[in-house]
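Fold and contact review
Spelled out from the first residue to the last, the chains are:
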Amino acid sequence: GWSEAAGLGPDDGKALRESLPQVDEVRLLVADEHPGPERAALSRALSALSPLGGIVIVDVGAELVPAAAELLDHLLLVVPATDHAVRSAARRLRTWQLPEDLVQVVVRRNGGLSVREVCQDLSLPLAAAFRDSSRATVPLLDVRRRGADRAARTLMADLSGEARS
């Protein structure tokens, strides 16, 4: 997590990458129970990981998105399909002032809006959409690969293919 990555330098990318948990072919750098990274630690970690290739999902707080943006290939904004969530996401997008082609939306289909309405209201392309899995589903272990798990697997396959071309 971010707590372990805080003291790493630019030459520590390989060690950081190897220490990250892996799900399928994707590495995860997450906040866990600890607060997210400081701005300087964020920049050091992302700069160290950048030349290594592959996919690393990086969990950053909303306040660090502008600082991370220049080091990201994609920013996936997960938005529930509710009017309140879409308005909140639109406000954040206006304050972040990100490059136009960086952001894609992942729609959590648990509200009254359609996936199309969410994309149109935010003026963002769709990366993925999913419904929450049932409470009996164990994420990443359920072989049926439904809901968020299926959407994530498909999205990562798409991003992997994009990275190879």
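Below, the structure is looked at part by part. Everything numeric here is computed off the predicted structure, so don't read it as measured data.

Of note, Ala 62 is situated in the loop between β3 (56-58) and α4 (65-69). For the pair Ala 62 and Trp 96, spaced 34 residues apart in the sequence, the C-alpha separation amounts to 8.9 Å. The contact partners of Ala 62, leaving out residues within four places of it in the chain, are Arg 92 and Trp 96.

This paragraph deals with helix α3 (residues 39-49). Those residues of α3 lying buried are Ala 41, Leu 42, Ala 45, Leu 46, Ala 48 and Leu 49. The arc that holds the buried residues of α3, viewed along the axis, is 160°, so those residues lie on one side.

Overall, mixed pairing links the 3 strands, which are arranged β1-β2-β3 in an open sheet. Looking along the sheet, the strands with just one partner apiece sit at the ends: β1 (22-23) and β3. Relative to β3, strand β2 (residues 26-29) runs parallel, the two sharing 3 bridges. Its bridge partner being in β3, Leu 28 is matched across the sheet by Ile 57.

Take the packing of helix α5 (residues 83-96) against helix α6 (residues 115-122) next. It is at 10 Å that the axes of α5 and α6 come closest, and there the two elements cross at 30°. In terms of their interaxial angle, α5 and α6 are classed as roughly parallel. Our pair here, α5 against α6, has a crossing hand that is right-handed. Within the contact between the two elements, α5 uses Val 86, Ala 89, Ala 90 and Leu 93 and α6 uses Val 118, Asp 121 and Leu 122. Tallied by class, the residues present in the contact of α5 with α6 amount to 6 nonpolar, no polar and 1 charged.

With that out of the way, let us pick up the nonpolar core. Note that soluble globular proteins tend to have their nonpolar side chains buried in a common cluster. In terms of nonpolar packing, the biggest core is built from 28 residues, with Leu 77, Val 79, Val 103, Val 105, Val 118 and Leu 122 touching the most fellow members. Elements with a contribution of two residues or more to this core: α3, α4, β4 (75-80), α5, β5 (103-108) and α6. Looking at which element gives the most residues to this core, the answer is α5, with 6 residues. Those residues in contact with Val 105 that lie beyond four places of it in its chain are Leu 77, Val 79, Val 118, Cys 119, Leu 122, Leu 124, Pro 125, Leu 126, Ala 127 and Ala 128. Ile 55, Val 106, Ala 128 and Leu 155 belong to the second-largest nonpolar core, a separate cluster that totals 10 residues.

Moving on, we get to the pattern of salt bridges. Tallied over the entire structure, the rule returns 1 salt bridge. Linking Asp 83 and Arg 87 is a salt bridge whose minimum nitrogen-to-oxygen distance equals 2.7 Å. You can see Asp 83 and its partner Arg 87 sitting in helix α5, 4 residues apart, about one turn around the helix. For Asp 83, a relative accessible area of 40% corresponds to the partly exposed category.

How each quantity is defined
Residues numbered from 1 in each chain as written. Predicted model: local features only at pLDDT ≥ 70, side-chain atom pairs only at ≥ 80, totals over all residues. Heavy atoms only, no water. Helix = DSSP H or I, 4+ residues; strand = E, 2+ residues; numbered from the N terminus. Contact = heavy atoms within 4.5 Å. Buried < 20%, exposed > 50% of the residue type's maximum accessible area, 1.4 Å probe, protein only. Arc of directions from axis to C-beta. Pairing = 2+ DSSP bridges. Axes fitted to C-alpha atoms, helices over the stretch in contact; angles between N-to-C directions. Parallel < 35°, antiparallel > 145°, perpendicular 65-115°, else oblique. Left-handed = near helix turned anticlockwise from the far one by under 90°. Nonpolar A, V, L, I, M, F, W, Y, C, P; charged D, E, K, R; others polar. Core = buried A, V, L, I, M, F, W, Y, C linked by side-chain atoms within 4.5 Å. Salt bridge = Lys/Arg side-chain N within 4 Å of Asp/Glu carboxyl O.

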